[in-house]
Each structure stands twice: as C-alpha cells, then as structure tokens.
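Each chain, written out:
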Amino acid sequence: MALFGDAKLVLCLFFAICCYMTVTQAEVPADCCLSVTNAEVIKHAIVDYRRQVAGQGCTLNATILVTRRQKQLCAPASERWVEDVVAHVKQLRKCCNKAKCRQANKKKRCLGVKAE
Ligand SMILES: *[C@@H]1O[C@H](CO)[C@@H](O)[C@H](O)[C@H]1NC(C)=O
C-alpha cells in the first residue's frame, strides 16, 4: 500500500515538473532550428518554407523547409540551393492557387501546398 502511495507522489511530481516546463518554454517558439543541414533536399518534396530570423526567440538564421508530409528541415538562411527550393515553392503555390494551372499540372502536385 505504501508503495502505491509513493508511486502516486512520484507521478504527481512528474506532472508538476512537466507542466512547469511547458509554461516556461512557451515564451520561446518551440520550432527553432538549432542547427542547419547542408545536405541538399529534393525540391519536389518541399511544399512550404519559413524564414527563421536570429534574435526573434531563435539563435540562428535559417530557412525551414516543410515537406509534403509536414516534416520540417532546417536549411541555411541563404545558400544558393535553398533559394532554388524557395523559388520552387513560390511557383508551386502560385500554380496551386489557380484552378486552371492546378488542373493542367497533376492535382497530386498540389497536395499539401498551402494557399497563398
Ligand atoms: C541574420 O540575418 C540578418 C539579416 O537578415 C543579419 O543582420 C544578422 O546578422 C544575421 N544573424 C546571424 C546570427 O547570422
């Protein structure tokens, strides 16, 4: 019986610590890139991107590339290949927002692409 009591206390403490950490971390964007990869990605797998600017809660300049499956990759802020991928995403978005263009290309290409 005493063992159960201890387990409950530990569990309670565990949740208290968890809650506390969630609250304190809320001030920092949870999705900061802490490092970037220079392994080039296939641009056709990327459907979205975001810029991460150092000093706005994050410590690094980076470009966050989002795949069709919502996986986020941390890429350098302004490498040539990254700009190439970004240009591709912009073009994709533009097309996928126009029914005519969307139908001309396969609909599948627009899967997971955000509206402008
Ligand atoms: C991040 O980029 C900005 C310009 O976009 C630049 O002024 C700043 O120095 C960069 N910071 C780092 C840590 O590279």
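Along every chain, residues carry numbers that run from 1 in the direction the sequence is written. Totals for whole chains, interfaces and linings use every residue, but because this is a predicted model, local features are given only for residues with pLDDT of at least 70 and side-chain atom pairs only at 80 or more, for both listing and counting.

- An unreviewed UniProt entry annotates the chain as (spotted green pufferfish) hypothetical protein originating from Tetraodon nigroviridis.

### Here we look at the overall build of the chain
Here comes step 1: Helix and strand assignments follow DSSP, with helices taken as H or I runs no shorter than four residues and strands as E runs no shorter than two, numbered in order from the N terminus. Per the secondary structure count, the chain includes three helices and three strands.
Here comes step 2: Written out in order from the N terminus, the α and β elements of the chain read α-β-β-β-α-α.
Here comes step 3: Note on burial: count the other C-beta atoms lying within 10 Å of the residue's C-beta; 20 or more is buried, 12 or fewer is exposed, in between is partly exposed, and C-beta positions come from the backbone. By the burial criterion, 10% of the 116 residues in the chain qualify as buried.
Here comes step 4: Counted over contacts in the chain with a minimum sequence separation of 6, partners at least 24 positions apart contribute 42%. Here contacts are defined at the residue level, using C-beta atoms placed from the backbone and a cut-off of 7 Å between them.

### As for unusual backbone geometry
Here comes step 1: Phi is positive for Gln70, close to 65°, though the residue is something other than glycine.
Here comes step 2: For Gln70, the location among the structural elements is in the loop between strand S2 (62-67) and strand S3 (72-75).
Here comes step 3: Residue Gln70 is classed as exposed on the basis of its 9 C-beta neighbours within 10 Å.

### Considerations on the pairing of S2
Here comes step 1: Taken together, the six bridges between strand S1 (residues 46-52) and S2 define a ladder with antiparallel strand orientation. What sits directly across from Arg51, in S2, is Thr63.
Here comes step 2: In the sheet, S2 pairs with S3 via four bridges, with the strands oriented antiparallel. Within S3, the residue paired with Val66 across the bridge is Gln72.
Here comes step 3: Any two strands with at least two DSSP bridges between them are considered paired. The hairpin turn running from S2 into S3, its antiparallel successor, is four residues long, and Gln70 in that turn takes a positive phi close to 65°.

### Topic: helix H2 (residues 80-96)
Along an α-helix, residues three or four positions apart point the same way, because every turn accommodates 3.6 residues.
Here comes step 1: A helix is expected to reach a length of 1.5 Å times the quantity of its residues less one. Over its 17 residues, H2 runs 24 Å from end to end, which matches the ideal 24 Å to within 8%, given 1.5 Å per residue.
Here comes step 2: Among all positions in H2, only Val82, Val85, Leu92 and Cys96 are buried. One side of H2 holds all its buried residues, which, seen down the axis, span an arc of 80°. Opposite the packed face of H2, turned more than 90 degrees from it, sit the exposed residues Arg80, Asp84, Ala87, Lys90, Gln91 and Lys94.
Here comes step 3: On the buried face of H2, the contacting elements are S1, S2, S3 and helix H3 (99-104). By construction, the arc corresponds to the directions joining the helix axis to the C-beta atoms.

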